[in-house]
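# Observations on chain architecture
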Amino acid sequence: LASFVTVETEDIAFYLVEGASISGHVADESGASIENVHVYATDADTGNWLGGTNTDVSGSFHLAGLPSVDCRVHICPTCNDLPYVDEFYNDTYFHHLASILSLTAGNDVVLNEIRLVTSNTIRGTISGLDTGQHVQVNAIDDGGTPDWEDDLYFHKGYVADASNNAVYSLNV
């Protein structure tokens, strides 16, 4: 539980700075709104997480309180187990090809409508796992090139012990 703390000093000064924001709408291929898609921004240079939110019932999102930096936006339906393929803004599966947005305090960057494709699903069961053993399953499309930056990395499925019957599921 949190408790109140009283600090008696006159030497502390702070101020709040207005942040930037990003807003938009997420829909499926037919244009129907998708609720509960996780949308987050990362610093374009460092990849550090800046903030995230989920779409509302109308598929809209508003990501506020962001610093004035260049960023990339990741649309992550798999973060909430939705059957769509993750992508980066503006319509790419590759982080390094994502549009870089310049954020400025007090300004809202409004994105074009984001249309997600329904994913295919790979499912399976791992047998022989003992309690406490874990396995991570990944799917990667190397695109026929040796350059890892051109690889299409799909969401990973986490497989645990008998508590989830060692079942995995990947949206690709």
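The paragraphs below set out a description of the structure included in this document. (Residues numbered from 1 in each chain as written. Predicted model: local features only at pLDDT ≥ 70, side-chain atom pairs only at ≥ 80, totals over all residues. Heavy atoms only, no water.)

## Re the pairing of strand β1 (residues 20–28)
Within β1, nine of the nine residues are buried, leaving the element largely enclosed by the surrounding structure. In β1, alternate side chains face the same way, and those of Ala20, Ile22, Gly24, Val26 and Asp28 on one face and Ser21, Ser23, His25 and Ala27 on the other are all buried. Relative to strand β4 (residues 60–66), β1 is paired through five bridges, and the arrangement is antiparallel. Opposite Ala20, over in β4, you have Leu66 as the bridge partner. (Buried < 20%, exposed > 50% of the residue type's maximum accessible area, 1.4 Å probe, protein only. Helix = DSSP H or I, 4+ residues; strand = E, 2+ residues; numbered from the N terminus. Pairing = 2+ DSSP bridges.)

## Quick look at the state of the cysteines
Note on terminology: a disulfide is the covalent bond linking the sulfur atoms of two cysteines. Counted under the stated rule, the structure contains one disulfide. Put simply, Cys76 and Cys79 are joined by a disulfide, and their sulfur atoms are 2.1 Å apart. In this structure, the disulfide formed by Cys76 and Cys79 twists by about 90 degrees around the S-S bond and is classed as right-handed. (Disulfide = S-S within 2.5 Å.)

## Remarks on a nonpolar patch on the surface
Among the surface-exposed residues, Ile12, Phe14 and Leu16 lie close enough to one another that they form a single nonpolar patch of about 440 Å² accessible area. Looking at the element boundaries, Phe14 is found in the segment before β1. Note on Phe14: relative accessible area 70%, which makes it exposed. (Patch = residues over 30% accessible without salt bridge, like charges linked within 9 Å, V, L, I, M, F, W, Y side chains within 5 Å. Areas by Shrake-Rupley, 256 points an atom, 1.4 Å probe, with all protein chains shown as cover. Salt bridge = Lys/Arg side-chain N within 4 Å of Asp/Glu carboxyl O.)

Just geometry here; none of it tells us what the structure is for.
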